[in-house]
Amino acid sequence: MGRETRRSPMMGQFTGGCYLTFGILVLLGSRVPTTLARGPRGEALQHGQSGTLPHFLEEPTDAYIVKSNPIKLRCQARPALQIFFKCNGEWVHQSQHMSQEHTDLGTGLKIREVMINVSRQQVEDFHGPEDYWCLCVAWSHLGTSKSRKATVRIAYLRKNFEQDPQGTEVPLNGMIVLHCRPPEGVPVAEVEWLKNEEPLSSDGVMDTRGDHNLIIAEARLSDSGNYTCVASNIVAKRRSATATVVVYVNGGWSSWTDWSPCNVRCGRGVQKRSRTCTNPAPLNGGAFCEGMSVQKSTCNTLCPVDGGWGEWTEWSVCSSDCDRHRSRECTAPEPKHGGRLCDGVALATENCTGGLCTQNRKLLHDVKPQGVESSSDVALYSGLAAGVVTVVLLIVAVTLYRRSQSEYGVDVIDSSALTGGFQSFSFKTSRQANPLLINSSMQPDLTVSRTYTSPMCFQDSIDKELMAERSLLDPLPDLKGVSERAEYHVMSHPQTFPRGLAPDYKGVAVGTTLGRRGKNLFTPQVSLTHSRPLHKATAVFGHAGGRLVVPNTGISLLVPHGGIAEDTTWEMYMIINQEDSSSMSDDAPEIFLSPAVTYGPPGLDLSCPIAMTIAHCAEVAPENWTIRLKRQLQDNKWEEVMSVDEESTSCYCLLEAQRCHVLLEHPGRYALVGEPLNQEAAKRLRLAVFGSPDNSNSLGFTLRVYCVDDTPHAFQEVAVGERSRGGRLLEEPKMMLFRGNTFSLQVSIQDVPQLLWSIKPFTTCQEFSFSQVWASNQRPLQCAFSLERYSHSSSQLSCKISVRQVKGEEQILQVYTSVVENEKGVVPFFTQSDCTITSQTGSRAFKIPLSIRQRISATFDTANAKGKDWQLLAQKLHIDRNLCYFACQESPSSVILSLWEVQHQDSGDLDSLASALEEISRVQSPRTDTLGCSREERDSEFSKLG
């Protein structure tokens, strides 16, 4: 680039060829006696002549090179004959300068401006002890001046934070400290904080700018949220990992209520008082109040004492009226505390002469002989003695009755009061896993039975069949007797296969049974056979296609329309089997993540792939798992079909959080298996607790805790067994993650009311080994707790079941139930309708009408200039991987729609498909016949989809 010279509009000073070179200026300057003088920003060579040295109006500033964009450094000085840049101690060539000059109208002095470009390559090639730098040197007739040094650096910002903020849980009014160390960068990155994706206000927040930590001195409930540290400079902006902050409130007890009245009117009884965990109530997973919600104490109520007569006094002397008197007092005992007064008279009077004396001047007649009087006295005393004996016997009987009653009632509770103990009937809720769940703790409503809703259910028709025909039930191995597994099917027409083919169920054991389980309460229930069918569904399909479903298992099969040739029908089946991990290859630590599903028959000839949906129990994370689809060979070995993360033209897998959709072309037995890549790999377990009275002990009650893989099929086995034994679901099943860290699973019972219930010693905590849980393969693991109440009057049971993995996650199952069968019926497990329907054929099986499906396929299977092809359809339906599989199909659009069908088989919502088609229509040409129909017809089709 040549030197650039611009003339001032006021004065044309020098042309490009008239500038003095640096050597000439030095030579001219040497002829004049000079002295060295310093300006405010540089050195100046002062001549003896009058005038001024060059003064910089603009000096070069520090600059940063962003990416590969060069930067400009500029200088401006007055008066100046020439200005040159000097970088890293060397003069910049004159050809690299761009200059212009003009004259200041006020002073008449020349103002010169010079610029240079500095590229990224120049800075990178410089290897000096300091940063790349440049300064300006300006000349005038009187000397030179130097500008400040300007540094040039390459700007950057690393991707990874040196320290990400970590989520935390803090109590109300506690201190929140979130650490953030931004990535290294030039210039140094500035840091700001986001809360729930909004810039964080400084209200109540102290940000120590030195280390960029976020400090909240007193946490409020409103401070709960998701916090992100954002670092930025002129190059880029980086976001840290999101840290979840939960401000929780631990529960606090309210004041005690007043003591209740004594529960007996006489003697020793019990009174109680209570308090609630509402001061404050637990929030955001805060701990429930520690201690007792109910206190009981003995009380003594004074019994009423009925009055009793004392002894009679001696008869008085016979009076002049021929009478004598005697008296008695009601003091044996005196009536107290509301007791009854004595019955009878306190003063007795009788004639003292035997009728020989007149009274009130009248003759006393009917004088009785002495013998008669003696006999009447004997009868009187005999009657009194009999009455006294009767009263004594009555008192003894009442006393014995009260003692016998106290043995079953009050005394049990009194013993706790005598030893200073109080029994609590409250229970502490566990900390929840959801970090932002803000909900006040509530006591359970004992008047309402809980209902667990899941994809599994029992229709009336199936219930009657299960109750009437025991052979359809296959209870858990610990049940008495052995039965076959339930088989669901619909009637099919015989001889519907193409000629020469017949249904072949070879290798599928339909009637295998289970052996009885031993008495070890926590031994996993392992089958005695290598593979056993649990459920089966069959149906006849023709050219119209259809859907085959194994009820309550999360397993289904979609046969597309046109997959079977016209005038041909196939009787197709699906069978669910359980497999042992031992059937996998020994050199791979793989486990089954789903049941093994067989579909057939062998020799099935279809023109397009079928779509199968299989439920799995993996916690999907590509960095933790390698998940593969495998197929069983004739020698019972398993071969890999594909990995769900890889590309394949023979099969397609779409893995979702709880199920996997597979496009298959060859019948056989398939299963999802997983190989853990690290100890963070986890699978989902479903935990449930059932209870039932102990038939061998009227005071006994048994709790059964199940840990099964979190698939509908696995839990159904538990449900069928518990239904057959009359078990009650005592708490809604919960899910927990079991990680592959080789640590065992512990199940313990806690907070059992010790004064009302007893449990066998050393059985409160039971344990499953890691291998039992990790390789359970859809089989339920069960442990049982046998409890016994002290009295029939104890009809309520409250306790907690803790299920935790050592150094892992924990879940709490809260039990609060009545143990009296007629007091609370069996809790229903499931509430879903139409669960016995195993197949649908024709248009009823599909969400998309056939006419619309055919039009979409015809439109998108052929590409056009606007890019409206099946790839655009797949993109809009969020199917963006393994597109090579669809490219190998005769009708890619039809296969894509089949995959969409199985994805949305439960919701039945066509909005997503209609929205995708509308988005595609917006990018089309403005012609109204884009889809081969009028605009009105196309809008009509879209309205049908909606």
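Reading the values: rules and limits
Starting from 1, residues in each chain are numbered consecutively following that chain's sequence as written. Reporting in this predicted model follows two pLDDT cut-offs: at least 70 for local features of residues, and 80 or more for side-chain atom pairs to be given and counted; totals over whole chains, interfaces and linings ignore these cut-offs and use all residues. Hydrogens and water are ignored here; the side-chain numbers use all heavy atoms of the structure. Starting at the N terminus, helices and strands are each numbered in turn, a helix being any DSSP run of H or I of at least four residues and a strand any DSSP run of E of at least two. Should any heavy atoms of two residues lie within 4.5 Å, those residues are counted as being in contact. For every accessible area listed, the method is Shrake-Rupley and the probe measures 1.4 Å; residues are considered covered only by the protein chains on display. When DSSP finds two or more bridges between a pair of strands, those strands are recorded as paired. The axes are straight lines fitted to the C-alpha atoms, using for helices just the contacting stretch, and the angles between their N-to-C directions are given from 0 to 180°. Side-chain rings of Phe, Tyr and Trp, where Trp is taken by its six-membered ring, are said to pair if the distance between their centres is within 6.5 Å; with planes under 30 degrees apart they count as stacked, over 60 as edge-to-face, and otherwise as tilted. Partly exposed describes any residue whose relative accessible area lies between the buried limit of under 20% and the exposed limit of over 50%, with all areas from a 1.4 Å probe on protein chains only and scaled to the type maximum. Polar contact criterion, stated in full: a pair of N or O atoms within 3.5 Å, where within protein one must be able to donate a hydrogen and the other to accept it, and residues adjacent in sequence count only if both atoms are side-chain atoms. When describing relative orientation, an angle under 35 degrees is termed roughly parallel and one over 145 degrees roughly antiparallel, while 65 to 115 degrees is termed roughly perpendicular and anything else oblique. Here the term charged refers only to Asp, Glu, Lys and Arg, the term nonpolar to Ala, Val, Leu, Ile, Met, Phe, Trp, Tyr, Cys and Pro, and the term polar to all other amino acids, Gly among them. Defined by distance alone, a disulfide is two cysteine sulfur atoms within 2.5 Å. The pLDDT value expresses, per residue, how confident the predictor is, ranging between 0 and 100. Nonpolar core, defined: a set of buried Ala, Val, Leu, Ile, Met, Phe, Trp, Tyr and Cys residues in which side-chain atoms within 4.5 Å join the residues together. Think of a patch as exposed residues, more than 30% relative accessible area, with no salt bridge, where like charges cluster within 9 Å and nonpolar side chains (Val, Leu, Ile, Met, Phe, Trp, Tyr) cluster within 5 Å. Definition used for salt bridges: Asp or Glu carboxyl oxygen within 4 Å of a side-chain nitrogen of Lys or Arg.

Focus: the overall build of the chain
Helix and strand counts for the chain come out as 13 helices and 49 strands. Of the contacts formed within the chain by residues at least 6 apart in sequence, a portion of 71% connects residues at least 24 apart. Here the chain displays about 48,800 Å² of accessible surface, and carbon together with sulfur accounts for 51% of that area.

Things to note about the sheet that holds strand S49 (residues 839-841)
Read across the open sheet, the six strands follow the order S37-S38-S34-S30-S29-S49; overall the sheet is antiparallel. Where the open sheet ends on each side, the last strands, each with one partner, are strand S37 (652-655) and S49. On average, each strand axis in the sheet is tilted by 10° relative to the strand beside it, whichever way the strands run. Two elements, strand S30 (residues 555-559) and strand S34 (residues 610-615), share three bridges in a ladder whose sense is antiparallel. When the sheet's bridge partners are listed, Leu557 is paired in S34 with Met612. Contacts from helix H11 (residues 892-903) reach strand S29 (546-550), S30, S34, S37 and strand S38 (659-664) within the one sheet, and its direction differs from that of S38 by about 150°.

A word on the packing of aromatic side chains
With the rule as written, the count across this model stands at 15 aromatic pairs. Ring geometry for Phe592 versus Trp638: centroids 5.5 Å apart, planes at 70°, classification edge-to-face. Of the two residues, Phe592 is situated in strand S32 (residues 591-592) and Trp638 in strand S36 (residues 638-643); the sequence distance between them amounts to 46 residues. The same class applies to Phe592 and to Trp638, which are both buried. With a centroid separation of 5.9 Å and an interplanar angle of 45°, the aromatic rings of Tyr652 and Tyr885 are classed as tilted. Pair noted here: Tyr652 is in strand S37 and Tyr885 is in helix H10 (residues 883-887), with a separation of 233 residues, a long-range link. This pair shows no difference in class: Tyr652 is buried, exactly as Tyr885 is.

Comments concerning the side chain of Glu722
Within the secondary structure, Glu722 is located in helix H6 (residues 712-725). In terms of polar contacts, Glu722 uses its side chain to reach the side chain of Arg704, at 2.8 Å. A distance of 2.5 Å separates polar atoms of two side chains, one belonging to Glu722 and the other to Tyr706.

Observations concerning unusual backbone geometry
A cis geometry characterises the amide bond from Arg78 onward to Pro79, with omega recorded as -15°. With respect to the helices and strands, the residue Pro79 is situated in the loop between strand S6 (71-78) and strand S7 (82-87). With an omega dihedral of -5°, the bond running from Asn279 to Pro280 counts as a cis peptide bond. The residue Pro280 is located in the loop between strand S24 (267-274) and strand S25 (294-301) in this model. With a phi close to 70°, Thr742 is a non-glycine residue in the positive phi region. Mapping Thr742 onto the fold places it in the loop between strand S42 (728-739) and strand S43 (745-750). Taking the relative accessible area as the measure of exposure, Thr742 reaches 55% and is therefore exposed.

As for the packing of helix H8 (residues 850-860) against H11
Contact geometry of H8 with H11 gives a least axis separation of 8 Å together with a crossing angle of 135°. Judged on the interaxial angle alone, H11 and H8 are oblique. Residues Arg853, Ile856, Ser857 and Phe860 of H8 pack against Ser893, Ser894, Leu897, Ser898 and Glu901 of H11. Of the residues assigned to the contact of H8 with H11, the class counts are three nonpolar, four polar and two charged.

Concerning the state of the cysteines
Taken as a whole and judged by the stated rule, the model has eight disulfides. Two residues share a disulfide in this structure: Cys75 and Cys136, whose sulfurs sit 1.6 Å from each other. Judged by the torsion about the S-S bond (90°), the Cys75/Cys136 disulfide is right-handed. Linking Cys75 in strand S6 with Cys136 in strand S11 (residues 132-140), this pair joins segments that are 61 residues apart in sequence. Judged on exposure class, the residue Cys75 and its partner Cys136 are both buried. The residue that forms a disulfide with Cys318 is Cys352, at a sulfur-sulfur distance of 1.5 Å. You can see Cys318 sitting in the loop between S25 and strand S26 (323-327) and its partner Cys352 sitting in the loop between strand S27 (347-351) and helix H3 (370-408), a full 34 residues away along the chain.

Considerations on the pairing of strand S21 (residues 225-232)
Working note: regular strand, side chains alternate between the two faces of the sheet. For S21, the buried fraction is high: six of the eight residues fall into the buried class. Taken together, the six bridges between strand S17 (residues 190-195) and S21 define a ladder with antiparallel strand orientation. Counted as the bridge partner of Lys195 is Tyr227 from S21. Bridging between S21 and strand S23 (residues 243-248) involves three bridges; their strand directions are antiparallel. Bridging across to S23, Gly225 finds its partner in Val245. Here S21 pairs with strand S22 (residues 237-239) via three bridges, running antiparallel. Across the sheet, the residue bridging to Ala231 is Arg238, located in S22.

Here's the deal with the sheet that holds S43
Strands sit in the order S45-S43-S47-S48 across an open sheet of four strands; the sheet is antiparallel. Each edge of the open sheet carries a strand with a single partner, namely strand S45 (765-768) and strand S48 (810-818). Taken pair by pair, the neighbouring strands of this sheet meet at an average axis angle of 15°, ignoring direction.

Some words on the environment of Pro335
Its location among the elements puts Pro335 in the loop between S26 and S27. On the basis of relative accessible area, Pro335 is assigned to the partly exposed category, the value being 27%. Considered as a pair, Pro335 and Asp306 are 29 residues apart in the sequence and their alpha carbons are 4.8 Å apart. Aside from chain neighbours lying at most four places away, what touches Pro335 is Val305, Asp306, Gly307, Cys330, Arg340 and Leu341.

Quick word on the confidence of the model for the chain
Per-residue confidence for the chain gives a mean pLDDT of 75; residues scoring 70 or more make up 71%. Low pLDDT (under 50) marks residues 361-374, which in the prediction has seven contacts with non-local residues, meaning those over four places away or in another chain.

Some points on the environment of Gln632
Mapped onto the secondary structure, Gln632 falls in strand S35 (residues 625-632). Residues Gln632 and Gly668, spaced 36 residues apart in sequence, show a C-alpha to C-alpha distance of 7.2 Å. Of the polar contacts made by the side chain of Gln632, one reaches the backbone oxygen of Asn636; its length is 3.5 Å. A distance of 2.9 Å separates a polar atom in the side chain of Gln632 from a polar atom in the side chain of Arg669.

Let's talk about the nonpolar core
The biggest cluster of nonpolar side chains holds 68 residues, and the ones touching the most others in it are Tyr599, Leu703, Phe785 and Ile801. Setting aside its immediate chain neighbours within four residues, Ile801 contacts Val689, Leu703, Val705, Val747, Ser748, Ile749, Phe785, Gln811, Ile812, Leu813 and Val815. Listed in part, the 30 residues of the second largest apolar core include Leu663, Phe860, Phe886 and Val895.

Overview of a nonpolar patch on the surface
Together, Val388, Val392, Val396 and Leu400 make up a nonpolar patch on the protein surface, roughly 350 Å² of accessible area in all. Mapping Val396 onto the fold places it in helix H3. Note on Val396: relative accessible area 43%, which makes it partly exposed.

Remarks on the environment of Ile154
The topology assignment puts Ile154 in strand S13 (residues 150-157). Owing to a relative accessible area of 19%, Ile154 belongs among the buried residues under this scheme. On a C-alpha basis, the gap between Ile154 and Tyr64 in space is 5.4 Å, while along the polypeptide they are 90 residues apart. When near neighbours in sequence (up to four residues on either side) are disregarded, Ile154 contacts Ile65, Arg120, Val123, Glu124 and Val186.

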